Amino acid sequence: MSTLITNIAELMTQDAEHRVLNDAAVVIEGERISWIGPAAAAPAADDAVDAGGRALLPGWVDSHTHLIFAGDRTAEFEARMAGESYSAGGIAVTTGATRSTSDFDLTRLALGRVAEAVSQGTTYLETKTGYGLDLENEARSARIASTVADEVTYLGAHLVPAGADADDYTDLVCGPMLAAVRPYVSWADVFCEQGAFNEGQSRRVLQACKDAGLGLRVHGNQLGEGPGVQLAVEFGAASVDHVNYLSAADIEALAASWAGWQDAGTRGTVATCLPACDLSTRQPLAPGRELLDAGVPIALASNCNPGTSYTSSMAFCVTTAVLQMRLSVHEAVRAATFGGALALRREVGNDADGERAVGSVAVGHRADLHLLNAPSATHLAYRPGIPLTHAVWRAGVRAR
């Protein structure tokens, strides 16, 4: 079954050539993109969709979420808005609620959040464990996450549970807990931050998870300068996320990690910016402009979670990046599509290898598409707060 989407006013491909096509068309065949080009030259297809002069983008790739949770942290949010500073300790509130919720309800809640994200143009997303914080509940969270998300990350090292010894808990994270979640996850993460895990503990977690064959990510440099970025680069992590407080050495290390990308295709560490979280916690916005200018690829992600960023709106993140982080519209959209794919190492793949790329519109890539109710992507920032998603295709299937 093939579908022709035609009469596209602006097609922002976010492919390797950064192409923006006008008066364009796309053909979907099964779950893949089979043709792209001028509308006037489009081939015949089994079905046709008239885009009506709207803009078409790749679907959003949300590379950082925390969707497996129960409970509410409204009181914490209100206190923060009244002037209290954010600390990592609020995670414990969610842990209690999550542990006491059934598998059925945790799954139902997570599926609802995924559906909400898809309705706003997100077509590929990662989610983490991290609200179980004991062996049984981390394994349960990983298993549930594997049924609702495209990519699952093990975040047993989110916070040391109340009353636990930090080093003993790190032993658990690196040993029995890791073994229990391993069948369900492909990534591991650690919250390397004051109030969470120190450098030595973070290093142990990263090494154990690397030895177990997991890809690595790091929560780093959110509340102040620290070792998170340098550890991420040292361990070859796919991304370091938050990055609010960066030294010149941190930016240099991130840039240096990409030195072999153009020639050898060797990926470095993506800097993932989480602007919705920054606004909610009243932290300085991550220096996305400076990172891009230094040659560091960035991703934008929602960080959807109950405490510090209870939103799945990638459009909001793109708008904020343009209006407050000084990114161009094209740069912000790229960070929220191709950048997210790069942070998940899913930016390459085609018909030849069967592992289809996401985050860009190109022949052979997965047909993840986001049609805006606007003639250009500029309207995402030009009309902030307006819901502009008109239609969504996820792996070739119309989801909205």
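Now for a description of the structure that goes with this document. (Residues numbered from 1 in each chain as written. Predicted model: local features only at pLDDT ≥ 70, side-chain atom pairs only at ≥ 80, totals over all residues. Heavy atoms only, no water.)

## Some details on the pairing of strand 4 (residues 47–58)
Put simply, the test is: In this scheme, strands are said to pair when DSSP sees at least two bridges between them. Secondary structure elements are defined from DSSP: runs of H or I of at least 4 residues count as helices, runs of E of at least 2 residues count as strands, and each element is numbered from the N terminus.
Relative to strand 4, strand 1 (residues 2–12) runs parallel, the two being bridged by 7 bridges. Note that in strand 4 the partner of threonine 6 across the bridge is aspartate 50.

## As for the pattern of salt bridges
The line we're drawing: Salt bridges, as used here, are contacts in which a Lys or Arg side-chain nitrogen is within 4 Å of a carboxyl oxygen on Asp or Glu. Residue burial is assigned from relative accessible area. The probe radius is 1.4 Å, only protein chains are included, and a residue is buried under 20% of its type maximum, exposed over 50%, and partly exposed in between.
By the definition in use, this model includes 20 salt bridges. For glutamate 76, the salt bridge is made with arginine 73, and the minimal N-O distance between the two is 2.7 Å. Residue class for arginine 73 comes out buried when judged on its relative accessible area of 6%. For arginine 203, the salt bridge goes to glutamate 234, with nearest N and O atoms at 2.5 Å. Of this pair, arginine 203 sits in helix 7 (residues 199–211) while glutamate 234 sits in helix 8 (residues 228–234), and the two are 31 residues apart along the sequence. Here the residues in one salt-bridge network are Arg73, Glu76 and Arg80, joined through shared partners.

## Notes on the layout of surface pockets
Operational definition: Cavity: a set of points on a 1 Å grid over the protein atoms alone where a 1.4 Å probe fits but cannot get out. Pocket: an open set with protein on both sides within 12 Å along at least five of seven lines, its lining residues, like those of a cavity, having an atom within 4 Å of a point. Grid points are joined across faces, edges and corners, and a volume is the space filled by probe spheres set on the points. Ten residues, namely Ala, Val, Leu, Ile, Met, Phe, Trp, Tyr, Cys and Pro, are considered nonpolar, four, namely Asp, Glu, Lys and Arg, are considered charged, and the remaining ones, Gly among them, are considered polar.
Space inside the largest pocket adds up to approximately 480 Å³. Around the largest pocket, the lining comprises 21 residues; the ones closest to its centre are Asp15, His18, Trp261, Arg334 and Phe338. At the level of elements, helix 10 (261–264), helix 14 (329–336) and helix 15 (338–343) are the ones that each hand at least two residues to the lining of the largest pocket. Per-element accounting of the lining of the largest pocket gives the leading share, 4 residues, to helix 14. When its volume is computed, the second largest pocket comes out at roughly 330 Å³. Lining the second largest pocket are 19 residues, and of these Ser313, Ala315, Phe316, Gly385 and Ile386 sit closest to its centre. At the level of secondary structure, the elements contributing two or more residues to the lining of the second largest pocket comprise helix 13 (314–324) and strand 13 (369–372). Among the elements that make up the lining of the second largest pocket, the one with the highest residue count is helix 13 (6 residues). Taken together, the residues of the lining of the second largest pocket sort by class into 9 nonpolar, 9 polar and 1 charged.

## Focus on the packing of helix 3 (residues 103–119) against helix 4 (residues 135–148)
Selection rule: Comment: axis = line fitted to C-alpha atoms, over the contacting stretch for helices; angle = value between 0 and 180 degrees taken between N-to-C directions. Between 65 and 115 degrees an angle is taken as roughly perpendicular, under 35 as roughly parallel, over 145 as roughly antiparallel, and anywhere else as oblique. In this scheme the handedness of a crossing depends on how the near helix is turned from the far one: anticlockwise by less than a right angle means left-handed, clockwise means right-handed. Whether two residues touch is decided by their heavy atoms; if any such pair falls within 4.5 Å, the residues are in contact.
Following both chains from N to C, one finds helix 3 and helix 4 inclined at 40 degrees, their axes separated by 10 Å at the closest point. Put simply, helix 3 runs oblique to helix 4. Between helix 3 and helix 4 the crossing geometry is right-handed. Contacts between helix 3 and helix 4 involve Asp103, Leu106, Thr107, Ala110, Leu111 and Val114 on the former and, on the latter, Arg140, Arg143, Ile144, Thr147 and Val148. For the contact of helix 3 with helix 4, the class distribution of residues is 6 nonpolar, 2 polar and 3 charged.

## Points about the nonpolar core
Formally: Among the buried residues, those of types Ala, Val, Leu, Ile, Met, Phe, Trp, Tyr and Cys that are joined through side-chain atoms within 4.5 Å form a nonpolar core.
Formed by 83 residues in total, the largest nonpolar core has its most connected members in Tyr154, Val243, Leu291, Val333 and Leu380. Excluding its chain neighbours within four sequence positions, the residues that come into contact with valine 333 are Met12, Gln14, Leu57, Trp60, Val318, Ala377 and Leu380. Counting 17 residues, the second largest nonpolar core, distinct from the first, contains Ile8, Val49, Ala51 and Leu369.

## A look at helix 5 (residues 166–174)
Quick note on the threshold: The arc in question is formed by the directions pointing from the helix axis toward the C-beta atoms. A 3.5 Å cut-off defines polar contacts: any pair of N or O atoms within that distance qualifies, except that in protein one atom must be a possible hydrogen donor and the other a possible acceptor, and neighbouring residues in sequence count only when both atoms are side-chain atoms.
Those residues of helix 5 not exposed but buried are Tyr169, Thr170 and Val173. Within helix 5, the buried residues cover an arc of 105 degrees as seen down the axis, which keeps them to one side. Buried positions along helix 5 lie against strand 7 (151–157), helix 6 (176–181) and helix 7. The backbone nitrogen of aspartate 167 has a side-chain oxygen 3.1 Å away, supplied by the residue at the start of helix 5, namely aspartate 165.

## A closer look at unusual backbone geometry
Even without a glycine there, the phi angle at histidine 18 is positive, about 55 degrees. Residue class for histidine 18 comes out partly exposed when judged on its relative accessible area of 38%. With a phi close to 55 degrees, arginine 345 is a non-glycine residue in the positive phi region. As for its position among the elements, arginine 345 is in the loop between helix 15 and strand 13.

## Observations regarding the side chain of threonine 272
Topologically, threonine 272 is positioned in strand 11 (residues 270–273). Of note is the side chain of threonine 272, whose polar atom sits 3.4 Å from the side chain of aspartate 241. Aside from chain neighbours lying at most four places away, what touches threonine 272 is Ser63, Ser239, Val240, Asp241, His242, Val243, Ala299, Ala301 and Ala343.

## Observations regarding the packing of aromatic side chains
What counts, and what does not: The aromatic pairing rule takes the rings of Phe, Tyr and Trp, using the six-membered ring of Trp, and pairs them if the centres are within 6.5 Å, calling planes under 30 degrees apart stacked, those over 60 edge-to-face and the rest tilted. Geometrically, a lysine NZ or arginine CZ counts as sitting over a ring once it is within 6 Å of the ring centre and also within 35 degrees of the ring normal.
This structure, assessed with the given rule, holds 4 aromatic pairs. With centroids separated by 6.2 Å and ring planes inclined at 80 degrees, the aromatic side chains of phenylalanine 69 and tyrosine 131 adopt a geometry described as edge-to-face. With phenylalanine 69 in the loop between strand 5 (60–62) and helix 1 (74–81) and tyrosine 131 in the loop between strand 6 (122–128) and helix 4, the pair connects residues that are 62 residues apart, well separated along the chain. Its relative accessible area of 3% is what places tyrosine 131 among the buried residues. Where tyrosine 169 meets phenylalanine 197, the ring centres are 6.3 Å apart and the plane angle is 35 degrees; that geometry is what we call tilted. Note that tyrosine 169 is positioned in helix 5 and phenylalanine 197 in the loop between strand 8 (187–192) and helix 7, a separation of 28 residues in sequence. Assessed through its relative accessible area of 1%, phenylalanine 197 is described here as buried. The ring of tryptophan 187 carries the charged tip of arginine 217 above its face, separated from the ring centre by 4.5 Å. Its end group placed over the ring of phenylalanine 338, arginine 334 keeps NZ or CZ at 4.2 Å from the ring centre.

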